Amino acid sequence: MAAPGYGKQSAPEQLPRCATDFAHLPAREAHIASLVDHLPDGAAMDVKTLAALQPHYGQMACRTVLNNLSGAGHLRRVRERVGDKQCRWVFRTYFSRTPRSDAWWTRFITTGEASTSGAPDPPKERTLNRTSPTSAAYAALAALGLADARLALSAADCATLEPLAAEWLARGTTPALFTAALTAGLPPDGVHSPAAFTRRRLLDKMPPERPLPQQQPTRVIECTDCRTPCRPHALLGGLCRTCRGTPTAPPPHRRLSPTAVREYAARARQAMITSPRS
């Protein structure tokens, strides 16, 4: 395993493994990608470790493979700041067997969100917590009498208990779990006051509040090859301009004026005259 904060980190929303996961890659890249894919999270995946894990390719080949996998959208190296009281940076390599575009990686690394337009919406029963006569909370209370006649509530009872039921649903309870929790273990001799009994159970069995979402860490994406921190838009395929071999424009040539040329020539002649001869 790598040191804490280092090593492989699996990207979210990957498709299930299949025989054609890396069929679009050359044989060498497909072999190393399959090896990395089966490593557990936190495992070291530097070039030295990858070269030692298999007998076919050395460190230089593994380094080239990682760069190619980055360009194919399978991995990104990230420098991430952790800790609230102290500034500590860790280095992580996110890997996805499902190839991702630059835009997907940028969104995931900068915001921590990986949802796409094709991702399913959350279950409706967890979002419909409106306090209205036709809300999910009201419907869940009204359904108690269908599950067990001993908890049959009137319309007035449902309206009174609706805020408590809405709080249950807001904390992530589904209508099915709501019904099971309130109808389990009812007194065998019957319930004398369904409304009072239901209110008592709503208060006593209230589920815990959902934990607050964790604050997104500060992340700086870096080049897969030279590991230079860069802005996301400056990395194509996870590589910076230098590592991609993109030529840069030569500096503009400054032309000297005739007067400047004569002055340089005069200084050169004077230096030749005054310099001691060997």
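Please refer to the structure higher up on the page.
These figures come from a predicted structure and were not determined experimentally. (Residues numbered from 1 in each chain as written. Predicted model: local features only at pLDDT ≥ 70, side-chain atom pairs only at ≥ 80, totals over all residues. Heavy atoms only, no water.)

**Things to note about a nonpolar patch on the surface**
Quick reminder of the rule: Within this analysis, patches are made of residues with over 30% relative accessible area and no salt bridge. Like charges are joined at 9 Å or less; nonpolar side chains (Val, Leu, Ile, Met, Phe, Trp, Tyr) at 5 Å or less. Computed by Shrake-Rupley with a 1.4 Å probe, the accessible areas treat only the displayed protein chains as cover when residues are assessed. Throughout this description, the term salt bridge denotes a Lys or Arg side-chain nitrogen within 4 Å of a carboxyl oxygen of Asp or Glu. Helical segments are the DSSP runs of H or I of at least four residues, strand segments are the runs of E of at least two, and each set is numbered from the N terminus. When accessible area is computed with a 1.4 Å probe and restricted to protein chains, residues below 20% of their type maximum are described as buried, those above 50% as exposed, and intermediate ones as partly exposed.
Among the surface-exposed residues, Leu256, Val261 and Tyr264 lie close enough to one another that they form a single nonpolar patch of about 280 Å² accessible area. The residue Tyr264 is located in helix H11 (residues 258-274) in this model. For Tyr264, a relative accessible area of 45% translates into the label partly exposed.

**Side note on helix H3 (residues 59-71)**
The criterion, for reference: Expected helix span is computed as 1.5 Å times (number of residues minus one). Contacts are residue-level and defined by heavy atoms, with any inter-residue pair within 4.5 Å sufficient.
Compared with the 18 Å implied by 1.5 Å per residue over 13 residues, the 19 Å span of H3 between its first and last C-alpha is a close match. The inward-facing, buried residues of H3 abut helix H1 (27-37), helix H2 (47-53) and strand E2 (75-82). Directly beyond the C-terminal end of H3, a positive phi value near 90 degrees is found at Gly73.

**Examining the pattern of salt bridges**
One pass over the full model with this rule turns up eleven salt bridges. One salt bridge connects Arg97 with Asp37, and the closest N-O pair in it is separated by 3.2 Å. Of this pair, Arg97 sits in the loop between strand E3 (88-95) and helix H4 (102-111) while Asp37 sits in helix H1; the two residues are 60 residues apart in sequence, bridging distant segments of the chain. For Arg97, a relative accessible area of 13% puts it in the buried group. Residue classification places Asp37 among the buried positions, given a relative accessible area of 4%. Taken together, the shared-partner salt bridges connect Arg17, Asp37 and Arg97 into one network.

**So, empty space enclosed by the protein**
The cut-off we apply is this: Here a cavity denotes a set of grid points, spaced 1 Å apart and computed over the protein atoms alone, in which a 1.4 Å probe fits but from which it cannot get out, and a pocket denotes an open set meeting protein on both sides within 12 Å along at least five of seven lines; residues with an atom within 4 Å of a point are reported as lining. Grid points are joined across faces, edges and corners, and a volume is the space filled by probe spheres set on the points. All residues other than Ala, Val, Leu, Ile, Met, Phe, Trp, Tyr, Cys, Pro, Asp, Glu, Lys and Arg, Gly among them, are scored as polar; the first ten of these are nonpolar and the last four charged.
All told, the structure shown has one cavity of 30 Å³ or more when counted by the stated rule. Counted as a void, the largest cavity has a volume near 50 Å³. Considering the residues around the largest cavity, the lining is formed by Arg76, Asp102, Trp105, Thr106, Ile221, Pro232, Leu235 and Gly238. Looking at the lining of the largest cavity, the element that brings in the most residues is H4, giving three residues. Along the lines of polarity and charge, the residues of the lining of the largest cavity split into four nonpolar, two polar and two charged.

**Details of the nonpolar core**
Heads up, the condition is: Here, the term nonpolar core denotes a set of buried Ala, Val, Leu, Ile, Met, Phe, Trp, Tyr and Cys residues that are joined through side-chain atoms within 4.5 Å.
In this structure, Leu141, Leu144, Leu153, Phe178, Leu182 and Leu202 are the most contacted members of the largest nonpolar core, which totals 20 residues. Elements supplying a minimum of two residues to this core: helix H5 (136-142), helix H7 (155-170) and helix H8 (175-183). Among the elements that take part in this core, H7 stands out by supplying seven residues, more than any other. Once you skip the residues sitting within four places of it in the chain, Leu182 turns out to touch Leu144, Leu151, Trp168, Thr198, Arg201 and Leu202. The next biggest cluster of nonpolar side chains, apart from the first, holds 17 residues, and it includes Leu25, Ala51, Leu75 and Phe95.

**Some points on the side chain of Arg201**
Note the cut-off: His is not counted here, nor are the chain ends, while Lys and Arg score as positive and Asp and Glu score as negative.
By the secondary structure assignment, Arg201 is in helix H9 (residues 194-204). Buried charge without a salt bridge: Arg201, with Asp204 as the nearest opposite-charge side chain at an N-O distance of 7.4 Å.

**Description of the sheet that holds E2**
For the record, the criterion: Paired strands are those between which DSSP finds at least two bridges. Fitted lines through C-alpha atoms serve as axes, helices being fitted only where they are in contact, and the angles separating the N-to-C directions of these axes extend from 0 to 180 degrees.
As summarised here, the arrangement of the four strands in space is E1-E3-E2-E4, forming an open sheet in which the pairing is mixed. Because the sheet does not close on itself, it has two edges, and the strands there are strand E1 (8-10) and strand E4 (218-222). Going across the sheet, the axis of each strand differs from the next one's by a mean of 40 degrees, ignoring polarity. In this sheet, E3 lies alongside E1 in parallel orientation, the contact comprising three bridges. Note on E3: the bridge partner recorded for Ser10 is Phe95.

**Quick word on the packing of H1 against H3**
This is how it is decided: We call two directions roughly parallel when the angle between them is under 35 degrees, roughly antiparallel when it is over 145, roughly perpendicular when it lies between 65 and 115, and oblique otherwise.
Relative orientation of the contacting elements H1 and H3 amounts to 85 degrees, with a least axis distance of 10 Å. Classed by the angle they form, the pair H1 and H3 counts as roughly perpendicular. On H3, the residues that touch Arg28, Glu29, Ile32 and Ala33 of H1 are Ala61, Cys62, Thr64, Val65, Asn68 and Leu69.

**Considering the pairing of E2**
Among the eight residues of E2, six are classified as buried, and the element is accordingly described as predominantly covered. Here E2 pairs with E3 via eight bridges, running antiparallel. Residue pairing for E3: Arg76 is matched across the bridge by Tyr94.

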